[in-house]
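Here's the letter readout for the chains.
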Amino acid sequence: MSLADATPAIREWVADHRQECIEFLEDLVAIPSATTVGDDEEAVAKRVLEEMEGLGYDDAFVDEFGNVHGVVEGREDGAVMLNSHIDTVGHGDIGQWESDPHTPYIEDGQMYGLGTADMKCAMASMVYGGGALASLDVAPKHDVYVTGELMEEVSEGHAMKYVVGEMDVDWQAVVIGEASEMDVKRGHRGRCELRIDLEGSSCHASAPERGVNPLYHASNVLERIEELNEETEDHDFLGKGTVAATNVEVDTPSNNAVPAGATIYVDRRLTIGENEETAHGELQDAIDAAVAEYGEEVDATIETLTFDRPTWTGYELESKKYYPTWLLEEGHDLVRDTYQVADTVLDREVEVRKWTFSTSGNYTMGVAGIPTIGFGPSREEWAHAANERVDVEDVVRACDVYAGLGLEL
Ligand SMILES: [Zn+2]
């Protein structure tokens, strides 16, 4: 069925299920799943599964990794993924919240609570958008997977490494539901988390000449890292790459000793033309600046950090904390089709823009090369902030858009 033909029936179904969708979102917000402070997503994944089962999806299951999927079968081979992560960040300073982060409430058309914006709202909208497709006799083009992804807040795309690499599904396209202000997003900068280990030689601080002090080398390296910001690439759509030293650790037996080692942590935001290799190259350049001053006694290594926390099902997988830049070209079919669905379904002006933050698109598109696009209720600035909120009407309208995307893509 064409989108124009199906839209009235989708809207009617969503309007009839509006209250269930809102209550489902409230249930999701009430379940803690802050992976940044050590929660897992078992309870929230099971709650999503229960809703999918109740809505009559053709299939609903938790994969071996622990992600949850609901499937609506399509006419052709291949599948489209509607993707939301089901974890959140921690609530941060509780004193800044006007109410309990896990007791959602609605005031002036906005729902407040942890994860309302980032991004349980999109999970609720996707589950109900897929629910509309499962209930109506509309036969989407491809199989539609509504996927609740784990651990995004601690390593975005890590779970996608499993979904794309281990599940036997021919992915045609991915729709990421992160906050887009109901606009279409076609890319974002990448990032890389790095460490530089500077080896020294420890000795008693009363006779520092007996040792090699890595802190002095670190000071040269840090100075050079700051200067690197003047030399990063710039891109007219995605913006400029940036580099920041974010932490320093010292390996020392006491404050009366020359340390045995120093570690500098670096957060590198990558634009088009930059990648893990260029990031390593620049840091080598920073180390060379220290060598120029101190000579060959500077002993340093550069490494990309890794992530390997087991999931709630006990699955173990290691990913590099390298999240490549991605950008779908303006003329790509997926950009055009997503725009057309949003434009047809919503009675408002839709723009095509970029995200400022990073999403799991870094894996689906940046690593796996699956065409990826963004559309989500809520606003970027509400994510990771106290009194997080979402416009309830946008959550409902996003169900219509996700149903349309599932049908068309
Ligand atoms: Zn998010």
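This one's a predicted model, so the numbers in the text were calculated from it and none came from an experiment.

## Brief notes about the nonpolar core
Reasoning step 1: Core analysis: the biggest nonpolar cluster contains 86 residues, and Ala124 and Val127 have the highest contact counts within it.
Reasoning step 2: The element that contributes the greatest number of residues to this core is helix α4 (residues 116-135), accounting for 12 residues.
Reasoning step 3: Excluding its chain neighbours within four sequence positions, the residues that come into contact with Val127 are Phe24, Val48, Glu51, Met52, Leu55, Gly70 and Val146.
Reasoning step 4: Among the nonpolar cores identified, the runner-up in size contains 22 residues, and Leu194, Leu198, Ile225 and Ala262 belong to it.

## Comments concerning the sheet that holds strand β6 (residues 143-149)
In sheet architecture, strand pairing relies on hydrogen bonds along the backbone and comes in two forms, parallel and antiparallel.
Reasoning step 1: Taking strand neighbours across the sheet as the criterion, the 8 strands line up as β1-β2-β6-β3-β7-β23-β8-β22 in an open arrangement whose pairing is mixed. Unpaired on one side and paired on the other, β1 (59-62) and β22 (352-353) mark the two borders of the sheet.
Reasoning step 2: Of the pairings in the sheet, the one linking strand β3 (residues 79-85) to β6 comprises 7 bridges and is parallel in character. Pairing of Ala79 across the sheet is with Asp143, part of β6.
Reasoning step 3: Against the sheet, helix α3 (residues 42-54) makes contact with β1, β2 (68-72) and β6, and its axis sits at roughly 170° relative to β1, the strand it touches most.
Reasoning step 4: Along the sheet, α4 contacts β2, β3 and β6; its crossing angle with β3, the most-contacted strand, is approximately 150°.

## Examining the packing of helix α2 (residues 18-30) against helix α10 (residues 392-408)
Reasoning step 1: In the contact formed by α2 and α10, the axes pass within 10 Å of each other and the chain directions differ by 115°. Classified by the angle their axes make, α2 and α10 are roughly perpendicular. In the crossing of α2 with α10, the sense of the turn from one axis to the other is right-handed. On α10, the residues that touch Arg18, Cys21, Ile22 and Leu25 of α2 are Val392, Val395, Val396 and Cys399.
Reasoning step 2: Partitioning the contact of α2 with α10 into residue classes produces 7 nonpolar, no polar and 1 charged.

Rules used in this analysis
- Residues numbered from 1 in each chain as written.
- Predicted model: local features only at pLDDT ≥ 70, side-chain atom pairs only at ≥ 80, totals over all residues.
- Core = buried A, V, L, I, M, F, W, Y, C linked by C-beta atoms within 7 Å.
- Buried ≥ 20, exposed ≤ 12 C-beta atoms within 10 Å, placed from the backbone.
- Helix = DSSP H or I, 4+ residues; strand = E, 2+ residues; numbered from the N terminus.
- Contact = placed C-beta atoms within 7 Å.
- Pairing = 2+ DSSP bridges.
- Axes fitted to C-alpha atoms, helices over the stretch in contact; angles between N-to-C directions.
- Parallel < 35°, antiparallel > 145°, perpendicular 65-115°, else oblique.
- Left-handed = near helix turned anticlockwise from the far one by under 90°.
- Nonpolar A, V, L, I, M, F, W, Y, C, P; charged D, E, K, R; others polar.

Interpretation note: all reported values are geometric properties and have no functional meaning in isolation.
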